[in-house]
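Structure at a glance
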Protein chains: 2
Amino acid sequence: MQKIDEHKSFAGWQQRYTHASTACGCDMTFSLYLPPTADTEKVPVVYWLSGLTCTDENFPNKAGAQAIAAELGVALVAPDTSPRGEGVADDDAYDLGQGAGFYVNATQAPWSTHYQMYDYVARELPDILAESFGDRLDLAREAIAGHSMGGHGALVIGLRNPDRFAAIAAFAPICAPSEVPWGEKAFSAYLGDDKRAWQAYDAAALVTAADNPKALPPIRVEQGLADGFLDEQLAPDRLEAAAAQTGARCEVNRRKGYDHSYFFIASFIENHLRFLARHLGA
Amino acid sequence: MQKIDEHKSFAGWQQRYTHASTACGCDMTFSLYLPPTADTEKVPVVYWLSGLTCTDENFPNKAGAQAIAAELGVALVAPDTSPRGEGVADDDAYDLGQGAGFYVNATQAPWSTHYQMYDYVARELPDILAESFGDRLDLAREAIAGHSMGGHGALVIGLRNPDRFAAIAAFAPICAPSEVPWGEKAFSAYLGDDKRAWQAYDAAALVTAADNPKALPPIRVEQGLADGFLDEQLAPDRLEAAAAQTGARCEVNRRKGYDHSYFFIASFIENHLRFLARHLGA
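Report on the accompanying structure. From a predicted model like this one, the values you see are computed outputs, not experimental measurements.

Description of the sheet that holds strand β9 (residues 250–255) of chain A
All names here are of chain A. Strand order in the open sheet formed by nine strands is β1-β2-β3-β5-β4-β6-β7-β8-β9, and the pairing between neighbours is mixed. For this open sheet the edge positions go to β1 (2–9) and β9, each flanked by a neighbour on one side alone. Adjacent strand axes in the sheet meet at a mean angle of 20 degrees, parallel and antiparallel pairs treated alike. Two strands pair when backbone bridges link them, and strand β3 (residues 26–34) and strand β5 (residues 75–79) are joined in this way by four bridges, in the antiparallel orientation. Paired with Ser-31 across the two strands is Ala-78, which belongs to β5. Packed onto the sheet, helix α4 (residues 149–160) meets β4 (43–49), β6 (137–147), β7 (165–171) and β8 (219–224) and runs at close to 140 degrees relative to β6.

What to know about the relation of the copies chain A and chain B
You can overlay chain A on chain B at an RMSD of 0.0 Å; the transform is a turn of 180 degrees with a shift of 0.0 Å along its axis. Taken together, the turn and the small shift mark the pair as related by a two-fold rotation axis. Taken together, the interface assignments show that 100% of the residues at the interface of chain A recur at the interface of chain B, consistent with an identical surface on both copies.

Things to note about the pattern of salt bridges
Residues and elements named next belong to chain A. Scanning the entire structure with this criterion turns up 34 salt bridges over all chains. The partner of Glu-6 in a salt bridge is Lys-3, and the shortest N-O contact between them spans 3.0 Å. Residue Glu-6 is classed as partly exposed on the basis of its relative accessible area of 33%. In this structure, Arg-274 engages Glu-270 in a salt bridge whose closest nitrogen and oxygen atoms are separated by 2.9 Å. Taken together, the residues span about one helical turn, with Arg-274 and Glu-270 both in helix α9 (residues 262–280) at a distance of four residues.

What to know about the layout of surface pockets
Its boundaries defined by the atoms lining it, the largest pocket holds a volume of some 940 Å³. Taken together, 50 residues make up the lining of the largest pocket; nearest its centre are Lys62(A), Ala63(A), Gly64(A), Tyr262(A) and Ala266(A). Listed by contribution, the elements that provide at least two residues to the lining of the largest pocket are α1 (58–62), α2 (66–72) and α9 of chain A together with α1 (58–62), α2 (66–72) and α9 (262–280) of chain B. Taken together, the residues of the lining of the largest pocket break down into 25 nonpolar, 19 polar and six charged.

Some thoughts on the packing of aromatic side chains
Taken as a whole and assessed by the stated rule, the structure comprises 34 aromatic pairs over all chains. A centroid spacing of 4.2 Å and a plane angle of 10 degrees characterise the contact between Trp48(A) and Phe59(A), whose relative ring orientation is stacked. In this pair, Trp48(A) is assigned in strand β4 and Phe59(A) in helix α1, connecting sequence segments eleven residues apart. Looking at Trp48(A), the relative accessible area reads 2%, which means it is buried. Since its relative accessible area comes to 4%, Phe59(A) is described here as buried. Their ring planes at 50 degrees and their centres at 5.9 Å tell us that Trp48(B) and Phe171(B) sit as a pair that is tilted.

Focus: the sheet that holds strand β9 (residues 250–255) of chain B
Taken together, nine strands build an open sheet; the order of strands is β1-β2-β3-β5-β4-β6-β7-β8-β9 (chain B) and the sheet is mixed. Two strands lie at the open edges of the sheet, namely β1 (2–9) and β9 of chain B, each paired on one side alone. Averaged over all pairs of adjacent strands, the angle between their axes in this sheet comes to 20 degrees, without regard to strand direction. With respect to the sheet, α9(A) is in contact with β1 and β2 (12–21) of chain B, its orientation differing from that of β1(B) by roughly 30 degrees. Helix-sheet contacts for α9(B) involve β4 (43–49), β5 (75–79), β6 (137–147), β7 (165–171), β8 (219–224) and β9 of chain B, and the interaxial angle to β7(B) is about 165 degrees.

Observations concerning the packing of helix α3 (residues 117–133) of chain B against helix α4 (residues 149–160) of chain B
Residues and elements named next belong to chain B. Direction vectors running N to C along α3 and α4 enclose 55 degrees, while the axes themselves pass 11 Å from each other. By the criterion of interaxial angle, the relationship of α3 to α4 is oblique. Where α3 crosses over α4, the handedness of that crossing is right-handed. Where α3 approaches α4, its residues Tyr-118, Val-121 and Ala-122 are matched on the opposing element by Val-156, Ile-157 and Arg-160.

Side note on the interface of chain A and chain B
Listed as interface residues are 21 residues of chain A and, on the opposing side, 21 residues of chain B. Overall, the association of chain A and chain B removes approximately 1700 Å² of surface from exposure, summing both partners, and the carbon and sulfur fraction of that is 56%. Contact with chain B buries area across many residues of chain A, yet Lys8(A), Asn61(A) and Phe263(A) alone supply 38% of it, more than any other trio. Here chain A and chain B share zero salt bridges between them. Counting every contact that joins chain A to chain B gives ten residue pairs in polar contact (both at pLDDT 80 or more). Those elements that place two or more of their residues in the side of chain A that touches chain B are β1, β2 (12–21), α1 and α9 of chain A. Taken together, the residues of the side of chain A that touches chain B break down into eight nonpolar, eight polar and five charged.

Definitions and limits used
- Residues numbered from 1 in each chain as written.
- Chains lettered and ligands numbered in written order.
- Predicted model: local features only at pLDDT ≥ 70, side-chain atom pairs only at ≥ 80, totals over all residues.
- Heavy atoms only, no water.
- Pairing = 2+ DSSP bridges.
- Helix = DSSP H or I, 4+ residues; strand = E, 2+ residues; numbered from the N terminus.
- Axes fitted to C-alpha atoms, helices over the stretch in contact; angles between N-to-C directions.
- Contact = heavy atoms within 4.5 Å.
- Least-squares fit on C-alpha atoms with pLDDT ≥ 70 in both.
- Salt bridge = Lys/Arg side-chain N within 4 Å of Asp/Glu carboxyl O.
- Buried < 20%, exposed > 50% of the residue type's maximum accessible area, 1.4 Å probe, protein only.
- 1 Å grid on protein atoms, 1.4 Å probe; cavity = no way out; pocket = protein on both sides within 12 Å on 5 of 7 lines; lining within 4 Å.
- Points joined across faces, edges and corners; volume = space filled by probe spheres on them.
- Nonpolar A, V, L, I, M, F, W, Y, C, P; charged D, E, K, R; others polar.
- Phe/Tyr/Trp six-rings, centres within 6.5 Å; stacked < 30°, edge-to-face > 60°.
- Parallel < 35°, antiparallel > 145°, perpendicular 65-115°, else oblique.
- Left-handed = near helix turned anticlockwise from the far one by under 90°.
- Buried area = accessible area lost by both parts, 1.4 Å probe.
- Polar contact = N/O pair within 3.5 Å; in protein donor to acceptor, adjacent residues only side chain to side chain.

Don't take any of this as a statement about function, it's just geometry.
Below, the structure written as structure tokens:
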């Protein structure tokens, strides 16, 4: 693993690392914010998964999260949104291929070779963090968050690993990807046409199918009501309905006037990080 | 004037406008943050001048200033860093031409046609704001801030208009441009070889030459000690010495470990905005 960049930020460190990924079969880059308290104690970890077209850099550059993370004493880990590189399959569209991994393990050619983002985020990245930052990060205390496609990723990874994640926070997540155009396009390509395979990556379906819905991590969703993707792509009402039916803990906050941008995220990231920190005991 | 973009941000609005500029002879774009209080009262204005290679967008995207501006009830105005467009003179280097206006009124060909950034920021932009936002902005209460080349611009415009600006804040400003490579290159090109013309755009020289240094606006400088440009280009000690000699109010805060990036700015923007707001009576 190689450190490629580092900036002091709110008395902690905003860093970038690149490493060879076994899951994705290519080099992967992630951003890490270490709060100042990580100098002297092991701090809990919040993963942030970004949306379509993003890299690991959008969140550290635009969300204004470091101020709060420094105060709360939590680390922020922001992976890239897909495998990348010349040998990695891609598509001209912004919503498929590089920058659009959808946090699934692809089973279909040509995507299956590198697009193993579920395994990368849920399994390989925590192992790498434990190995390289085991003295600074407390990997027994994890929470997960994200935006849009990354909100979908946070929900799916959190719901499928309820014993690991203390809580899930999502801005404008794709809540029912099996039933909306972004998800249908990506899942058809990555997972094939059998929709049964899609259910393992559909937050609303996962809540509905959960053995013990009340034991799922508590979910906080923030949704702008001026978000142009809300009706066609995001469908928070489906997640909300699944939670209401099953007793899963899910709070959806609808915010008048806010859109899909990082200006929306920045406006409410403090609420999300405080929610996650409370459940992390931070 | 045309609104080209708008996002709700911390209960206020982050907007972009483009307009035909008389001073620069081309279209100019600026970003404006209106805090929520601007809905019901006239709020004071903080100008932010960005550094080399930046546009009006770097500050609103990366500084995390809106949270504080919303709380304090101040507007943030971020102009572009130079005239732009196909008919505007340019240079391949990052530190001359488009993106590098240095906030001067150029007197030398080919720059003098469009590069009138001093007049644009100090005169035309406030007039345009008064005309279009006179019911929301209190242009009798102004302060000015910036970063690097824009810190130089904030110092120069603030020091040359002491009756207008309540205070000046600058991150890693070029404090004595007449005596450092960035300034020597830009001033030679824009102002010619007679160094007497440079003095009107040199913060340290302006403090030294001031008729009434104690009546200059109070200055706050934040300087990272891991800033790679510190020794060669920024020279805060020259400004500090000029202030100490003359009795001008100038506080330089040196910050261990911080570099020249927006991560540094974000870490201390709250301190700067609170300093400016205090002097604005906000």
